[in-house]
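Given next are the chains, with one letter for each unit.
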Amino acid sequence: MTSKDRRRSVPVADPSISRRINAERIVLLGWGRAILLQLAHPLIAAGVDEHSGFRSTTWAAITRLYHTVHAMVALTFGSDEDRDRALDGIRQIHKRVHGHLRTGTRRFPEGTPYSAENPDLVLWVHGTLLESVLLAYEQLVRPLTLAERDTYCAEAAPIAVALLARSEEVPRTWADASAYLGRMYASGDLEVTEQARSLARAVLSPPAAAS
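Along every chain, residues carry numbers that run from 1 in the direction the sequence is written. Only residues with pLDDT of at least 70 are given local features in this predicted model, and only at 80 or more are side-chain atom pairs given and counted; all residues enter the totals for whole chains, interfaces and linings. Hydrogens and water are ignored here; the side-chain numbers use all heavy atoms of the structure.

### A look at the overall build of the protein chain
Part 1: Here a strand is any run of E in DSSP of at least two residues, a helix any run of H or I of at least four, and the numbering for each starts at the N terminus. From N to C terminus, the protein chain includes 11 helices and two strands.
Part 2: For the protein chain, the sequential pattern of α-helices and β-strands runs α-α-α-α-α-α-β-β-α-α-α-α-α.
Part 3: When accessible area is computed with a 1.4 Å probe and restricted to protein chains, residues below 20% of their type maximum are described as buried, those above 50% as exposed, and intermediate ones as partly exposed. Sorting the 211 residues of the protein chain into buried and exposed places 43% on the buried side.
Part 4: The contact criterion used throughout is that any non-hydrogen atoms of two residues lie within 4.5 Å. Sequence separation of at least 24 residues holds for 74% of the intrachain contacts in the protein chain that already meet a minimum separation of 6.
Part 5: What sets the accessible areas is the Shrake-Rupley method with a 1.4 Å probe; for residues, cover comes only from the shown protein chains. With an accessible surface of roughly 11300 Å², the protein chain has 57% of that area assigned to carbon and sulfur atoms.

Below is the structure:
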């Protein structure tokens, strides 16, 4: 599958599970967990630190949250045109996020390139959201069956592929998602850097809460 193919309209066969879960506003609490896990990847932390201004002011934090929620609503509940528009917006942002690691880690030496279009990083972001949203839903709303978890993973997969994750690596079942997450936790790729700690403080105590 070419990049051009992956940029076409994202099909959603039966979004009932995704809509049911994502309609619960309380699952937004899972996003904080997902973001912290994402920042534990040094290349993602570097990209966010060097290309995002959400820490700067209360208004910047509110604006970023608004756009994130708006994109989620469009991807889950919107028409084909709404989803394509939201994906195009995300892809335009991703194109601008690239650079090189300024401080090396155990796994990634100084100068390692990073990009928000890197399929490995897209997959990690996707995996953390799968795990964290489902965890929040089960803890705060109701338990899910394995079939519901599998359906949620299958329905979410086209979004990750459209954002340039490798189709064959994107989990379509909860077992595949759990196996991928387990490999990542054991891989040595994750390391909490000073950039990640600084960003985490902004996530846990955003400007809006501190002002």
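### Brief notes about the layout of surface pockets
Part 1: Grid spacing is 1 Å over the protein atoms alone, the probe is 1.4 Å, and a cavity is where that probe fits but cannot get out, while a pocket is an open set with protein on both sides within 12 Å along at least five of seven lines and lining residues have an atom within 4 Å of a point. Grid points are joined across faces, edges and corners, and a volume is the space filled by probe spheres set on the points. Of the pockets and cavities examined, the second largest pocket occupies roughly 240 Å³.
Part 2: Split into classes, the residues belonging to the lining of the second largest pocket amount to six nonpolar, two polar and five charged. Residues are grouped as follows: Ala, Val, Leu, Ile, Met, Phe, Trp, Tyr, Cys and Pro are nonpolar; Asp, Glu, Lys and Arg are charged; every other residue, Gly included, is polar.

### Concerning the nonpolar core
Part 1: Here, nonpolar core means buried Ala, Val, Leu, Ile, Met, Phe, Trp, Tyr and Cys residues that are tied together by side-chain atoms lying within 4.5 Å of each other. Membership of the largest hydrophobic core comes to 31 residues, with the highest contact counts inside it found for Leu43, Leu75, Leu87, Trp124, Leu163, Val170 and Tyr180.
Part 2: Of all elements in the fold, only helix H4 (42–51), helix H5 (58–77), helix H6 (80–96), helix H7 (119–140), helix H8 (146–162) and helix H9 (174–187) reach the threshold of two or more residues within this core.
Part 3: A per-element tally of this core places H8 first, with five residues.
Part 4: Setting aside chain neighbours within four positions, we find Leu163 in contact with Leu87, Ile90, Arg91 and Val122.
Part 5: One finds Ile17, Val133, Tyr137 and Ala177 within the second-largest nonpolar core, a separate group that totals 15 residues.

### A word on the pattern of salt bridges
Part 1: We define a salt bridge as a side-chain nitrogen of Lys or Arg found within 4 Å of a carboxyl oxygen belonging to Asp or Glu. Taken as a whole and judged by the stated rule, the model has 13 salt bridges.
Part 2: A salt bridge links Glu50 to Arg102, with the shortest nitrogen-to-oxygen separation between them at 3.4 Å. With Glu50 in helix H4 and Arg102 in the loop between strand E1 (98–100) and strand E2 (113–115), this residue pair connects regions lying 52 residues apart in the sequence.
Part 3: Given a relative accessible area of 60%, Arg102 falls into the exposed group.
Part 4: Taking the shortest distance from any N to any O, the salt bridge between Arg166 and Asp120 comes out at 2.7 Å. Placement of the pair is Arg166 in the loop between H8 and H9 and Asp120 in helix H7, with a sequence separation of 46 residues.
Part 5: Members of the salt-bridge network, linked through shared partners, are Arg20, Arg142 and Glu148.

### Details of the environment of Ala177
Part 1: Summarising the element assignment, Ala177 is placed in helix H9.
Part 2: Judged by its relative accessible area of 2%, Ala177 falls in the buried class.

### Topic: the packing of H4 against helix H10 (residues 194–204)
Any two packed helices are characterised by the angle at which their axes cross and by the distance between the axes.
Part 1: In the contact formed by H4 and H10, the axes pass within 9 Å of each other and the chain directions differ by 60°. The angle between the axes of H4 and H10 places the two elements in the oblique class. The chirality of how H4 crosses H10 is left-handed. Counting all contacts with H4, which are made through Ala45, Ala46, Val48, Asp49 and Glu50, the residues of H10 involved are Gln195, Ala196 and Leu199. Throughout, an axis means a line fitted to C-alpha atoms (over the contacting stretch in the case of helices), and angles, computed between N-to-C directions, take values from 0 to 180 degrees. We call two directions roughly parallel when the angle between them is under 35 degrees, roughly antiparallel when it is over 145, roughly perpendicular when it lies between 65 and 115, and oblique otherwise. By the definition used in this description, the sense in which the near helix is turned from the far one sets the handedness, with an anticlockwise turn below a right angle giving left-handed and a clockwise turn giving right-handed.

### Here we look at the confidence of the model for the protein chain
Part 1: Taken residue by residue, the protein chain gives an average pLDDT of 85. The fraction at 70 or more is 82%.
Part 2: Long-range and interchain partners of residues 3–15, a stretch whose pLDDT sits below 50, account for 25 contacts in this model, where long-range means more than four residues apart. Confidence of the predictor in every single residue is expressed as pLDDT, which spans 0 to 100.

### Here's the deal with the environment of Asp49
Part 1: Of note, Asp49 is situated in helix H4.
Part 2: Under the rule applied, a polar contact is a pair of N or O atoms within 3.5 Å (in protein, one hydrogen donor and one hydrogen acceptor; residues adjacent in sequence only if both atoms are side-chain atoms). At a separation of 3.0 Å, a polar atom in the side chain of Asp49 contacts the side chain of Gln195.

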